[in-house]
Amino acid sequence: MSNERTYIMIKPDGVQRGLVAEIIARFARKGFTLRAMKMMNVTKEHAEKHYADLSSKPFFGGLVSYMCSGPVVAMVWEGKDVVKTGRKIIGATNPAASEPGTIRGDFCIEVGRNVIHGSDAVESANHEIGLWFPEGVCEYEPCAKAWIYE
Ligand code: DAT
Ligand code: MG
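Residues numbered from 1 in each chain as written. Chains lettered and ligands numbered in written order. Predicted model: local features only at pLDDT ≥ 70, side-chain atom pairs only at ≥ 80, totals over all residues. Heavy atoms only, no water.

1. A closer look at the UniProt feature "active site" (unreviewed entry) in the protein
And then number 1: Listed under "active site" (unreviewed entry) in the UniProt record, and renumbered for this structure, are H117.
And then number 2: Inspection of the secondary structure assignment puts H117 in strand β4 (residues 116–118).
And then number 3: In this structure H117 comes out as buried when scored by relative accessible area, which is 9%.
And then number 4: When residues no more than four places from it in sequence are discounted, the contact partners of H117 are Y7, I8, M9, K11, H50, Y51, I90, R104 and E128. (UniProt positions renumbered as here; feature names shortened; annotations may be inferred. Helix = DSSP H or I, 4+ residues; strand = E, 2+ residues; numbered from the N terminus. Buried < 20%, exposed > 50% of the residue type's maximum accessible area, 1.4 Å probe, protein only. Contact = heavy atoms within 4.5 Å.)

Laid out in structure tokens, this is it:
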């Protein structure tokens with residue numbers, strides 16, 4: 001299914017460190033379609049909702065305040081297997097274990113400053129897209145589709 005969608009977010013450290021263009025380029029040049037993008041400050045309540053499944057973790061408070069420490073860039077990307085492939089492009093949660101060539105492997109060092117979020121499953125992607133883009137995404141026909149998919 002080439003219209004699978006995932007929620008990708010450049011975290012405050014990624015924005016502050018000037019990685020926005022680099023990260024967008026990695027998804028775009030792969031052939032994925034950008035369906036929505038906005039820069040925004042995140043409220044504590046919204047960050048807590050996004051990471052609700054981690055609320056019992058000892059790092060939850062630090063994670064929420066990190067997510068609220070500066071603007072993020074929220075995006076929806078679309079394409080065949082984009083959830084799974086997006087996670088590969090991003091790399092392992094802990095940058096110490098992320099392979100070189102992945103975003104986390106190339107651009108960060110610590111798990112609490114790992115520059116980017118990507119949905120971990122199609123169901124969580126749909127949930128996160130609804131949470132971050134209640135206004136919906138941009139529907140348009142990407143002109144390069146026939147050059148990317150056979
Ligand atoms: P991912 O972001 O790879 O989906 P996750 O959903 O397990 O990872 O955790 C969400 C974020 O929480 C992660 O990007 C960074 C932070 N985090 C996870 N495990 C952590 C840990 N052991 N210590 C500190 N922060 C952690
Ligand atoms: Mg996760």
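Still to come is the rest of the account.
2. Here's the deal with the sheet that holds strand β2 (residues 33–40)
And then number 1: On the basis of which strands lie adjacent, the open sheet formed by 4 strands has the order β2-β3-β1-β4 and antiparallel pairing. The sheet terminates laterally at β2 and β4, the two strands that pair on one side only. Neighbour-to-neighbour, the strand axes of this sheet turn through a mean angle of 15 degrees, independent of strand direction.
And then number 2: Of the pairings in the sheet, the one linking β2 to strand β3 (residues 72–78) comprises 7 bridges and is antiparallel in character. Bridge pairing in β3 links A36 to V76.
And then number 3: Relative to β3, helix α2 (residues 20–30) is tilted by about 5 degrees, and along the sheet it contacts β1 (5–10), β2, β3 and β4.
And then number 4: Strand contacts of helix α7 (residues 122–132): β1, β2, β3 and β4, with the helix running at about 55 degrees to β1, the strand carrying the most contacts. (Pairing = 2+ DSSP bridges. Axes fitted to C-alpha atoms, helices over the stretch in contact; angles between N-to-C directions.)

3. Some details on the nonpolar core
And then number 1: Core analysis: the biggest nonpolar cluster contains 19 residues, and I8, I23, F27, M75, W77, I103 and I116 have the highest contact counts within it.
And then number 2: At the level of secondary structure, the elements contributing two or more residues to this core comprise β1, α2, β3, α5 (82–90) and α6 (103–107).
And then number 3: Apart from residues no more than four positions distant in its own chain, F27 is found in contact with I8, F32, W77, G86, I89, I90, I103 and I116.
And then number 4: Grouped together as the second largest cluster of nonpolar side chains are 18 residues, V42, A47, I129 and F133 included. (Core = buried A, V, L, I, M, F, W, Y, C linked by side-chain atoms within 4.5 Å.)

4. Quick word on the UniProt feature "binding site: ATP" (unreviewed entry) in the protein
And then number 1: In the numbering adopted here, UniProt assigns the feature "binding site: ATP" (unreviewed entry) to K11, F59, R87, T93, R104 and N114. Of the annotated positions mentioned, K11, F59, R87, T93, R104 and N114 line the largest pocket.
And then number 2: Inspection of the secondary structure assignment puts K11 in the loop between β1 and α1 (12–16).
And then number 3: By relative accessible area, K11 is classed as buried at 3%.
And then number 4: Under the relative-accessibility criterion, R104 is labelled buried at 5%.
And then number 5: With near-sequence residues (within four places) excluded, R104 lies in contact with K11, I90, G91, A92, T93, P95, S98, N114, I116 and H117.
And then number 6: Within the structure, R104 has its side chain in polar contact with the backbone oxygen of G91 (distance 3.3 Å). (1 Å grid on protein atoms, 1.4 Å probe; cavity = no way out; pocket = protein on both sides within 12 Å on 5 of 7 lines; lining within 4 Å. Polar contact = N/O pair within 3.5 Å; in protein donor to acceptor, adjacent residues only side chain to side chain.)

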